[in-house]
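What follows is each chain in one-letter form.
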Amino acid sequence: MRKNINLGSIDLSFHKVAAGVFQHILEFWGYEVTIQSAPHEKMFELQKEGKVDLLISAWLPGSHEVYLQPYSNEVLQLNPIYEPYCIWGIPDYLAEKGIESIHDLKNPETCGFIQKEINGIGMGAGISRFSVEIIEKYELQHNGFHFTSNHPDDFYRIVEQKILNKENFIIPLWHPQFLHQSFQIIPLKDPKYLLRGQDKATPLLRKDSSSLFSEKEIKILSAIYLGNEAVSAMDYSFSKEGLTVNQSALKWITNQYGGVEKFVSHLELLTH
């Protein structure tokens, strides 16, 4: 008898391709996988309500702990699959102008040529919440800086166009992300540590869904490790090369391990 699994991911491309790797493994085992994507808050709400069995993944503790906290005792945290972190970045051509730290944005000379509108993605993302806090805590609002949220696709287009136009602007971004495959984006120092440093991208499995899996399968799922570079590469395949989520995930699995079966065999060895 086939078992049904509700697999959830935050509705951003890099989360989707990471979930795609898990989908390939689950389907290889014979599970019927239903995919759900939703914005940050909604995705965690769906898992809290029991409508998502396995969520790929929560960035803990910095970005997503606030969403997990209300039901953290209802899930198993599997081993992290990569180590994401947020940045306030600048295009490499701006680094030549001596901008190294967020503090430097307050310098009168820097203020004269840096664009004051800081475009980012929706407010559910950690980087967007952090950006609003950065403007306040570094008192950048007194220099005219302000944050504007955008649909992610619009944000990516804004960044690409501004870099191609050699514009002077701030990029609230994160690793892993496909833009790093095309452009050199330099992180600014954050002495107030408002970007929270490195998180752990942690798959969450509802405890009441764990009976769907054998103990061995849970160990194998917890042995999956992708890394930032792999997620960025899959994100690029999906976002820029026209591959589907599943194709992007399979391309990485095939390039690294020679196919899903060999990937699962590799993971089985890691659990012994």
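Further up the page is the structure itself.
Here we look at the pairing of strand 2 (residues 32-38)
Now for step 1: Two elements, strand 1 (residues 4-10) and strand 2, share seven bridges in a ladder whose sense is parallel. Bridge pairing in strand 2 places Ile10 opposite Ala38.
Now for step 2: Following the chain from strand 1 across helix 1 (residues 13-28) to the adjacent parallel strand 2, one finds a crossover that is right-handed.

Description of the packing of aromatic side chains
Now for step 1: Following the criterion strictly, the structure yields twelve aromatic pairs and no others.
Now for step 2: Considering the side-chain rings of Trp252 and Phe263, the 5.9 Å spacing of their centres and the 90° angle between planes classify their relative orientation as edge-to-face. Linking Trp252 in helix 11 (residues 245-257) with Phe263 in helix 12 (residues 260-270), this pair joins segments that are eleven residues apart in sequence. For the pair shown, Trp252 and Phe263 are each scored as buried.
Now for step 3: Measuring from ring centre to ring centre gives 4.6 Å for Tyr257 and Phe263, while their planes differ by 25°; the resulting arrangement is stacked.
Now for step 4: By the ring-pair criterion, three or more aromatic residues cluster together here, those being Phe14, Trp59, Tyr82, Phe155, Tyr156, Trp174 and Phe178.
Now for step 5: Here the basic side chain of Lys162 rests over the ring of Phe169, its NZ or CZ set 5.8 Å away from the ring centre.
Now for step 6: It is Lys192 that lies over the ring of Tyr138; its NZ or CZ is 5.4 Å from the centre.

Quick look at the sheet that holds strand 1
Across a sheet, paired strands are connected by hydrogen bonds in the backbone, their directions being either parallel or antiparallel.
Now for step 1: Spatial ordering of the open sheet is given by 2-1-3-10-4, a layout of five strands whose pairing is mixed. Two strands in the sheet have a free side with no partner beyond their single neighbour: strand 2 and strand 4 (75-77). Direction aside, neighbouring strands of the sheet carry axes that sit 30° apart on average.
Now for step 2: Summarising the sheet, strand 1 and strand 3 (residues 54-60) pair through two bridges and their orientation is parallel. In the sheet register, Leu7 faces strand 3, and the bridge partner there is Leu54.
Now for step 3: Across the sheet, helix 1 touches strand 1, strand 2, strand 3 and strand 10 (200-206), and the angle it forms with strand 3 is around 140°.
Now for step 4: Lying on the sheet, helix 2 (residues 40-48) is in contact with strand 1, strand 2, strand 3, strand 4 and strand 10; it crosses strand 2 at an angle near 140°.

Description of the packing of helix 1 against helix 11
Now for step 1: Interaxial distance between helix 1 and helix 11 falls to 8 Å at its minimum, and their mutual angle equals 70°. The orientation of helix 1 relative to helix 11 falls into the category roughly perpendicular. In this structure, helix 1 contributes Lys16, Val17, Gly20, Val21, Gln23 and His24 to the contact, and helix 11 contributes Val245, Asn246, Ser248, Ala249, Leu250, Trp252 and Ile253.

Quick word on the pattern of salt bridges
Now for step 1: Applying the stated criterion across every chain, the model contains 14 salt bridges.
Now for step 2: The partner of Glu167 in a salt bridge is Lys162, and the shortest N-O contact between them spans 3.2 Å.
Now for step 3: Judged by its relative accessible area of 22%, Glu167 falls in the partly exposed class.
Now for step 4: Owing to a relative accessible area of 14%, Lys162 belongs among the buried residues under this scheme.
Now for step 5: Here the salt bridges do not stand alone but share partners, grouping Glu74, Arg206 and Asp208 into one network.

Cut-offs applied
- Residues numbered from 1 in each chain as written.
- Predicted model: local features only at pLDDT ≥ 70, side-chain atom pairs only at ≥ 80, totals over all residues.
- Heavy atoms only, no water.
- Pairing = 2+ DSSP bridges.
- Helix = DSSP H or I, 4+ residues; strand = E, 2+ residues; numbered from the N terminus.
- Right-handed = clockwise from strand over helix to strand, strands pointing away.
- Phe/Tyr/Trp six-rings, centres within 6.5 Å; stacked < 30°, edge-to-face > 60°.
- Buried < 20%, exposed > 50% of the residue type's maximum accessible area, 1.4 Å probe, protein only.
- Lys NZ or Arg CZ within 6 Å of the ring centre and 35° of its normal.
- Axes fitted to C-alpha atoms, helices over the stretch in contact; angles between N-to-C directions.
- Contact = heavy atoms within 4.5 Å.
- Parallel < 35°, antiparallel > 145°, perpendicular 65-115°, else oblique.
- Salt bridge = Lys/Arg side-chain N within 4 Å of Asp/Glu carboxyl O.

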